[in-house]
Amino acid sequence: MNPPRHARCSGQAPGAEAPFDLARLDLVASSLAWSKEKAEKFRKSFETAWGEDDANFLKPQADVVIESLSVAPDHRGKGFGTTLIEAAFDRGRHLDAQSIGIMVIHDNDAVQALYEKYFEPFITFHGAYFDHQIKGVTKYRKQLHE
């Protein structure tokens, strides 16, 4: 099973990197028996969430994204995190993904150091992006087929 591929070309409609291709909205809306008004409302909401400007936080940084990775507190520092990351890389390659990503919330220095051993920083969102509710977030990515 291959992971979904999302176009990353400039000049495409907003949402081209998102999990849904807006170019197919009319077909999807028709198959769901949506009215034109409902389809347009969906389009506007989708463009707000996945559009050009402030939606970069929502856009995936890689073909495969690790949503969560954790090690029980009593077992941290014993190499289990490394083993989990390597297993995720193997799984991504098995899926024929070109890249894999992960994200860390700032202030978790041990995890951030681990991720930086295996991934390259892709994009950082500082505390101001979140109205200083958190210190920030960094998304990381690794190319699996170099």
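Quick caveat: nothing in here was measured; it's all calculated off a predicted structure.

Conventions and cut-offs
- Residues numbered from 1 in each chain as written.
- Predicted model: local features only at pLDDT ≥ 70, side-chain atom pairs only at ≥ 80, totals over all residues.
- Heavy atoms only, no water.
- Helix = DSSP H or I, 4+ residues; strand = E, 2+ residues; numbered from the N terminus.
- Buried < 20%, exposed > 50% of the residue type's maximum accessible area, 1.4 Å probe, protein only.
- Contact = heavy atoms within 4.5 Å.
- Areas by Shrake-Rupley, 256 points an atom, 1.4 Å probe, with all protein chains shown as cover.
- 1 Å grid on protein atoms, 1.4 Å probe; cavity = no way out; pocket = protein on both sides within 12 Å on 5 of 7 lines; lining within 4 Å.
- Points joined across faces, edges and corners; volume = space filled by probe spheres on them.
- Nonpolar A, V, L, I, M, F, W, Y, C, P; charged D, E, K, R; others polar.
- Core = buried A, V, L, I, M, F, W, Y, C linked by side-chain atoms within 4.5 Å.
- Salt bridge = Lys/Arg side-chain N within 4 Å of Asp/Glu carboxyl O.
- Pairing = 2+ DSSP bridges.

Caption draft 1: Examining the overall build of the protein more closely. Regarding its fold elements, the protein presents four helices and four strands. Written out in order from the N terminus, the α and β elements of the protein read α-α-β-α-β-α-β-β. Looking at the protein as a whole, 30% of its 146 residues are labelled buried. Within the protein, contacts between residues at least 6 apart in sequence are counted, and of these 62% link residues at least 24 apart. As displayed, the protein offers around 9,900 Å² of accessible surface, 52% of which is attributable to carbon and sulfur atoms.

Caption draft 2: Quick peek at the layout of surface pockets. As a volume, the largest pocket reaches approximately 660 Å³. Around the largest pocket sit 30 residues that line it, and Leu69, Ile102, Met103, Val111 and Tyr115 are the ones nearest its centre. Counting only elements with at least two residues in the lining of the largest pocket, the list comes to helix H3 (80–94), strand E2 (99–105) and helix H4 (109–118). Considering only residue class, the lining of the largest pocket consists of 16 nonpolar, eight polar and six charged.

Caption draft 3: Highlighting the nonpolar core. The biggest cluster of nonpolar side chains holds 14 residues, and the ones touching the most others in it are Ile100, Tyr115 and Phe119. In this structure Ile100 touches Ala62, Val64, Ile66, Ala88, Phe89, Phe119, Tyr140, Arg141, Lys142 and Leu144, once residues within four positions along its chain are discounted.

Caption draft 4: Highlighting the pattern of salt bridges. For the structure shown, the criterion picks out four salt bridges. Glu40 is paired through a salt bridge with Arg43; the nearest N and O atoms lie 3.5 Å apart. Separated by three residues within a single helix, Glu40 and Arg43 lie in helix H2 (residues 36–50), roughly one turn from each other. The closest approach of N and O atoms between Asp107 and Lys135, which form a salt bridge, is 3.6 Å.

Caption draft 5: Looking closely at the environment of Pro121. As for its position among the elements, Pro121 is in strand E3 (residues 120–126). Separated by 20 residues in the primary sequence, Pro121 and Arg141 have C-alpha atoms spaced 6.4 Å apart. Aside from chain neighbours lying at most four places away, what touches Pro121 is Thr138, Lys139 and Tyr140.

Caption draft 6: The sheet that holds E3, seen in detail. Strand order in the open sheet formed by four strands is E1-E2-E4-E3, with mixed pairing between adjacent strands. Because the sheet does not close on itself, it has two edges, and the strands there are strand E1 (64–65) and E3. With seven bridges joining them, E2 and strand E4 (residues 136–143) adopt antiparallel strand pairing. Its bridge partner lying in E4, Ile102 is registered against Tyr140.

Caption draft 7: Local environment of the environment of Leu84. Note on placement: Leu84 falls in helix H3. Sequence separation of Leu84 and Ser70 is 14 residues, and the distance between their C-alpha atoms is 8.8 Å. Setting aside residues up to four positions removed in sequence, Leu84 forms contacts with Leu69, Ser70 and Val71.

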